[in-house]
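# Close look at the chain arrangement
Now for the letters of each chain:
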Amino acid sequence: MARHPSPAQSLVASPLSRRSFVRTAAGVAGALGAGMLTSCDDPPTGVRSPVAAAKGGNGNGGGKGGGASPRNPLRIPSAGSPPSALTVGETTVDLGGGQLSRVWTYNGQFPGPTIVVEGGSIAAPGDRVAIDLYNDLADETITHWHGMIVDTPNDGHPHQAFQPGGSYHYDFPIVQRATMNWYHPHPHEKTGEQVAMGLAGGFIIRDAVERSYGLPTGPREIPLIVRDAEFDRSGNMIYKPRSGGFEGKYFLVNGTLNPTLSADSAVYRFRLMNGSNARIYRFAFEDGMPFTLIGNDGGFLPDASVQLYEMLLCPAERVDILVDLRDRLGDRLMLRDLDSGWDLLEITVDNDVSDDTVVPVTLPSIEPLGSPVREREFSFDGMSKINGQLYDMDRVDFQVPFGETELWRFTTNGNAPHPVHVHGAYYQVISRTGGRGQLYPWEAGWKDSVLLEDGETVEVLIRFDGYRGLYLMHCHKLEHEDMGMMSNFEVV
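The following paragraphs examine the structure supplied in this document. (Residues numbered from 1 in each chain as written. Predicted model: local features only at pLDDT ≥ 70, side-chain atom pairs only at ≥ 80, totals over all residues. Heavy atoms only, no water.)

### A word on the overall build of the protein chain
As a reminder, the rule being used: The secondary structure listing takes helices from DSSP runs of H or I that are at least 4 residues long and strands from runs of E that are at least 2 residues long, numbered from the N terminus. Working definition: with a 1.4 Å probe on protein chains only, accessible area under 20% of the residue-type maximum means buried, over 50% means exposed, and in between means partly exposed. Per-residue and other accessible areas were derived by the Shrake-Rupley procedure at a 1.4 Å probe size, with only the shown protein chains allowed to occlude residues.
From N to C terminus, the protein chain includes five helices and 33 strands. Per-residue burial over the protein chain gives 59% buried out of 492 residues. In the structure as shown, the protein chain presents an accessible area of about 17300 Å², 50% of it carried by carbon and sulfur atoms.

### Quick look at the sheet that holds strand S29 (residues 427-433)
Strand pairing in a sheet takes place through backbone hydrogen bonds and is either antiparallel or parallel in direction. Heads up, the rule is: When DSSP locates at least two bridges between a pair of strands, those strands are taken to pair.
Here five strands make up an open sheet; going across it, the order is S25-S24-S27-S31-S29 and the pairing mixed. With partners counted over all chains shown, the strands left at the sheet margins are strand S25 (385-386) and S29, one partner each. Across six bridges, the pairing between strand S27 (residues 406-413) and strand S31 (residues 457-462) is antiparallel. Along S31, the bridge assignment pairs Phe-410 with Val-458.

### Observations concerning the nonpolar core
Note the cut-off: We define the nonpolar core as a collection of buried residues of types Ala, Val, Leu, Ile, Met, Phe, Trp, Tyr and Cys that are connected through side-chain atoms lying within 4.5 Å of one another. Contacts between residues were defined by any pair of non-hydrogen atoms, one from each residue, lying within 4.5 Å.
Counting 46 residues, the largest nonpolar core has Leu-224, Phe-270, Leu-325 and Trp-442 as its most contacted members. Setting aside residues no more than four positions away along its own chain, Leu-224 makes contact with Leu-74, Val-253, Asn-254, Phe-270, Arg-271, Leu-272, Met-273, Leu-335 and Leu-345. If you look at the next biggest cluster of nonpolar residues, it comprises 38 residues, including Leu-86, Phe-110, Ile-205 and Tyr-239.

### Digging into the sheet that holds strand S33 (residues 486-491)
Basically, it comes down to this: With axes taken as lines fitted to C-alpha atoms, and helix axes fitted only over the stretch in contact, angles between N-to-C directions fall between 0 and 180 degrees.
The mixed open sheet is built from five strands, whose spatial order is S26-S33-S32-S28-S30. The sheet terminates laterally at strand S26 (398-400) and strand S30 (449-452), the two strands that pair on one side only. Looking at each pair of strands side by side, their axes are set apart by 25° on average, direction ignored. Judged from the four bridges that link them, strand S28 (residues 418-422) and S30 form a sheet pairing that is antiparallel. From the neighbouring strand, Val-420 faces S30, where its bridge partner is Val-450.

### Regarding the side chain of Thr-357
As a reminder, the rule being used: Pairs of N or O atoms within 3.5 Å make up the polar contacts considered here, provided that, within protein, one atom can donate a hydrogen while the other can accept it, and that residues adjacent in sequence are counted only when both atoms are side-chain atoms.
Tracing the backbone shows Thr-357 in the loop between strand S23 (343-351) and strand S24 (374-381). In terms of polar contacts, Thr-357 uses its side chain to reach the side chain of Asp-355, at 2.7 Å. Dropping the residues within four chain positions of it, Thr-357 is found in contact with Gly-214, Pro-216, Val-267 and Arg-326.

### A short note on the pairing of S31
Regular strands place side chains that alternate from one sheet face to the opposite one. With six of its six residues buried, S31 lies for the most part within the structure. Residues Thr-457, Glu-459 and Leu-461 point to one face of S31 and Val-458, Val-460 and Ile-462 to the other, with burial holding for every one of them. Inspection of the sheet shows S29 paired to S31 by six bridges, in the antiparallel sense. Counted as the bridge partner of Gln-428 is Leu-461 from S31.

### A closer look at the environment of Arg-336
Looking at where Arg-336 falls in the secondary structure, it is placed in strand S22 (residues 332-337). Remark: the alpha-carbon pair of Arg-336 and Glu-286, spanning 50 residues in sequence, is separated by 6.1 Å. Reaching out from Arg-336, the side chain makes a polar contact with the side chain of Glu-286 at a distance of 3.2 Å. One polar contact links Arg-336 to Asp-343, side chain to side chain, over a distance of 2.6 Å.

### Section: the pattern of salt bridges
Filter applied, for reference: Salt bridges are counted wherever a side-chain nitrogen of Lys or Arg sits within 4 Å of a carboxyl oxygen of Asp or Glu.
Under the counting rule described, the total for this entry stands at 38 salt bridges. Glu-221 is paired through a salt bridge with Arg-271; the nearest N and O atoms lie 2.7 Å apart. Of this pair, Glu-221 sits in strand S11 (residues 221-231) while Arg-271 sits in strand S15 (residues 267-274), and the two are 50 residues apart along the sequence. Here Glu-221 falls in the buried class, since its relative accessible area comes to 10%. Among the residues examined, Arg-271 registers a relative accessible area of 2% and is labelled buried. One continuous salt-bridge network, built from bridges that share partners, spans Arg-206, Glu-210, Glu-221, Arg-269, Arg-271 and Asp-320.

### Side note on unusual backbone geometry
Keep in mind that most residues, glycine aside, have a negative phi and that most peptide bonds are trans. A cis geometry characterises the amide bond from Phe-110 onward to Pro-111, with omega recorded as -5°. Within the secondary structure, Pro-111 sits in the loop between strand S4 (100-106) and strand S5 (112-118). The amide bond that connects Ala-416 to the next residue, Pro-417, takes the cis arrangement and shows omega of 10°. With respect to the helices and strands, Pro-417 occurs in the loop between S27 and S28. Positioned with a positive phi, Asn-107 is a non-glycine residue whose angle comes to about 55°.

### Things to note about the environment of Val-361
When you line up the elements, Val-361 lands in the loop between S23 and S24. Of the residues examined, Val-361 reaches a relative accessible area of 60% and is grouped as exposed. When sequence neighbours within four positions are dropped, the list of residues in contact with Val-361 reads Asp-303, Ala-304 and Ser-305.

### Section: the packing of aromatic side chains
Threshold: Pairs were defined over the aromatic rings of Phe, Tyr and Trp, the Trp ring being its six-membered one, requiring ring centres within 6.5 Å. Orientation was assigned from the angle between planes: stacked under 30 degrees, edge-to-face over 60, tilted for the rest.
All told, the structure shown has 26 aromatic pairs when counted by the stated rule. On the numbers, 6.4 Å between centres and 20° between planes, the contact of Phe-162 with Tyr-168 is stacked. Take Tyr-168: its relative accessible area is 19%, and that puts it in the buried class. Aromatic side chains Tyr-440 and Trp-442 sit 5.1 Å apart centroid to centroid with 5° between the ring planes, which places their arrangement in the stacked category. With relative accessibility at 3%, the residue Tyr-440 sits in the buried group. The class for Trp-442 is buried, based on a relative accessible area of 2%. Each residue in the set Phe-378, Phe-380, Phe-398, Trp-408, Phe-410, Tyr-427, Phe-464, Tyr-471 and Phe-489 is aromatic and connected to the rest through ring pairs, giving one cluster.

Printed below as a string of structure tokens:
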């Protein structure tokens, strides 16, 4: 039975070993019991911490009642051409209203800087990205360009992780259409901690097709990286690993606690991403206002936009939505997670402007992949295995012929949800049986991550026509990934 309610009724048309990971989780639990670590709920008197600021109301901490939490201006990550270098390290940042917290960052920014490039194809590449990654952490790391079609040396595979004080050079062309991807660490058995501590950033690809639609840009195109978090009594971010998946008590949007956005009476484009380790969000506006879905992981939806009232996103999923505020001057709107009750983003429509944006109805067509040459079965077993095997970084589990369409069938063997992510190619989701028993508008077109709940079988068509080499398939519940729910495969 699905853990989350179906939204269908609301739609409108030194490496840490697996054993060490478990010991670490147990150690944190023991430290809590012994008083070595303290609950986020009770910050000491006089400490100005995110925890203190988040208590009460419908804001951080969830639930209703109490007084309203103070709201902080939404941080908009800096955006521009790829930097020549990215440095990962610990930084003290302001989460809003002077509430300081130690987090892990790219280039001292939380989230990391949004990289913006021009798209292309294998035959006619767009921009070229050349970045040196420097490691100022106390542990090994490597960065994966999630959703990017790149060759194996640039993928950020766990075997490419490097030690503190070292560096890694990336150099790759952009060979795909407009979309929003992201980047995050991918060292084996350490991904969950490094992402939870703050390491993530957006990666936007543009092209001529996207520009032809006249979509909102500049201050009316806003990435929204939504995630949960935990803090110690001093307000510093901490990671409490659980085998079932890390879920924090507090939420952040673009690294901001209890954010608010002062908006124009205009159409806004929100690039919404679930950046949590494990939490699933059911996004909706508090007053039932509809929004228009135009894209997801792999870019524009096929053929037509869709008007929705709510949608369910698993970790790593992205959507591209338009919100029309032209008749909402003077209104206060709230983007909410219906499952937790968190009021994620307050939008106040303060500025009266004229806006002639046309919300698109027709979108580019996507060619179906067609009849598969072969089928493969993948069982996601418990919290740590695929097809009964724990991940081995040095083992290749299967080979995929280059340029041939295959049907991959994902099933569960307990302990879902499992967000299934594949490196090296996008896929087309064609069916879901059992469990929720249907596909959703945000699962159309090209995807790189799909939600697999208990009792479900999801079928996808996939074809690797970018590069040959070694790639990964894994559960994007990061604690499951760290415990071994990954598989190496080789495109030959």
